[in-house]
Structure formats: C-alpha cells, structure tokens
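The chain contents come next:
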Amino acid sequence: SFLAPRASLLATEAVAGDPDVKMDVVSQTPLTVVITEKCVCPPNHFYNPTTQRCVRRGDLGYECGFFPASIQREVCMDGLVCKKAPTAGREYFHVGAAP
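Source: prediction; values computed, not measured.

(A) Structural context of the state of the cysteines. Overall, the coordinates contain 2 disulfides when judged by the stated rule. In this model Cys41 forms its disulfide with Cys54; the gap between the sulfur atoms is 2.1 Å. Every disulfide takes its handedness from the sign of the S-S torsion; for Cys41 and Cys54 that torsion is -90°, giving left-handed. Here Cys54 lies in strand β2 (residues 53–56) and Cys41 lies in the loop between α1 (3–16) and β1 (45–48), a separation of 13 residues in the sequence. Looking at Cys54, the relative accessible area reads 33%, which means it is partly exposed. In this model, Cys64 is linked to Cys82 through a disulfide, with the two sulfur atoms separated by 1.9 Å. With Cys64 in the loop between β2 and α2 (72–75) and Cys82 in the segment after α2, the pair connects residues that are 18 residues apart, well separated along the chain. Taking relative accessible area as the criterion, Cys82 reaches 27% and is therefore assigned partly exposed. No disulfide involves Cys39; its sulfur sits 7.8 Å from that of Cys41, the nearest cysteine.

Below, the structure is given as structure tokens:
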C-alpha cells in the first residue's frame, strides 16, 4: 500500500539520529522511471496516490483540502480551484491538508 513505505520511512528517520542504532545497507534496487504522454486516469479524474486509484474530480463546493497539498491542484474540475474555507477548528492528518 502507499502508506506502508511512508511508515517505514518514518521509522527509519526516527532511529537514524539515535547514536546507539547502527544501520547497514543490505541491498539496493535501482528505480525505473517510465515516461508517458498518456494520462493514467480517464478525463475528469485524478490519481490519488494514497488509494492508488483514479478519482472523479470534484465540482463546485468539493472539499479538496482533504487531499495532500501536492495533489490539490488536480482535485477540482477544470476551471475550479481550491481555496481555503473558513473553518471551526478542523484538523487533518497530513501536511498541507485544510478545508
């Protein structure tokens, strides 16, 4: 899942600064990048990296702030943009998210 590598990274970051923890690289795997002109998702959809699925873009009033800041510009239908809405103390679980 998308969250598993992130959780592993956080655990690694937590112990990396600890002088009592010794870490060794036991294997390396090169990354492969495939560049394509074709979109992964059909028209009027965006790719949600958390669920690894295509999601229909939101219409007027859609709460795009639920999604990470890195993909918020893709969440709304063409011609619409995310704008910060007045909030009554809502908090979200990832950086950049806001109503």
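(B) Quick look at the pairing of β2. Taken together, the 4 bridges between β1 and β2 define a ladder with antiparallel strand orientation. Residue pairing for β2: Phe46 is matched across the bridge by Val55. Between the end of β1 and the start of β2, which pair antiparallel, lie 4 residues, with Gln52 showing a positive phi angle near 55°.

(C) Representation of the nonpolar core within the structure. By size, the foremost hydrophobic cluster in this structure holds 6 residues: Phe46, Cys64, Phe67, Ile71, Val75 and Cys76. Filtering out sequence-adjacent residues up to four positions away, Cys64 remains in contact with Gln72, Val75, Cys76 and Cys82.

(D) Representation of the side chain of Arg57. If you trace the backbone, Arg57 turns up in the loop between β2 and α2. Residue classification places Arg57 among the buried residues on the basis of a relative accessible area of 16%. Among the polar contacts made by the side chain of Arg57, one reaches the side chain of Asp78 at a distance of 2.8 Å.

(E) Spatial organisation of the packing of aromatic side chains. Following the criterion strictly, the structure yields 2 aromatic pairs and no others. Each ring, one from Phe46 and one from Phe67, has its centre 5.2 Å from the other, and the planes form 90°; the classification is edge-to-face. With Phe46 in strand β1 and Phe67 in the loop between β2 and α2, this pair connects stretches of sequence that are 21 residues apart. For Phe67, a relative accessible area of 7% corresponds to the buried category.

Quick notes on the rules
- Residues numbered from 1 in each chain as written.
- Predicted model: local features only at pLDDT ≥ 70, side-chain atom pairs only at ≥ 80, totals over all residues.
- Heavy atoms only, no water.
- Disulfide = S-S within 2.5 Å.
- Helix = DSSP H or I, 4+ residues; strand = E, 2+ residues; numbered from the N terminus.
- Buried < 20%, exposed > 50% of the residue type's maximum accessible area, 1.4 Å probe, protein only.
- Pairing = 2+ DSSP bridges.
- Core = buried A, V, L, I, M, F, W, Y, C linked by side-chain atoms within 4.5 Å.
- Contact = heavy atoms within 4.5 Å.
- Polar contact = N/O pair within 3.5 Å; in protein donor to acceptor, adjacent residues only side chain to side chain.
- Phe/Tyr/Trp six-rings, centres within 6.5 Å; stacked < 30°, edge-to-face > 60°.

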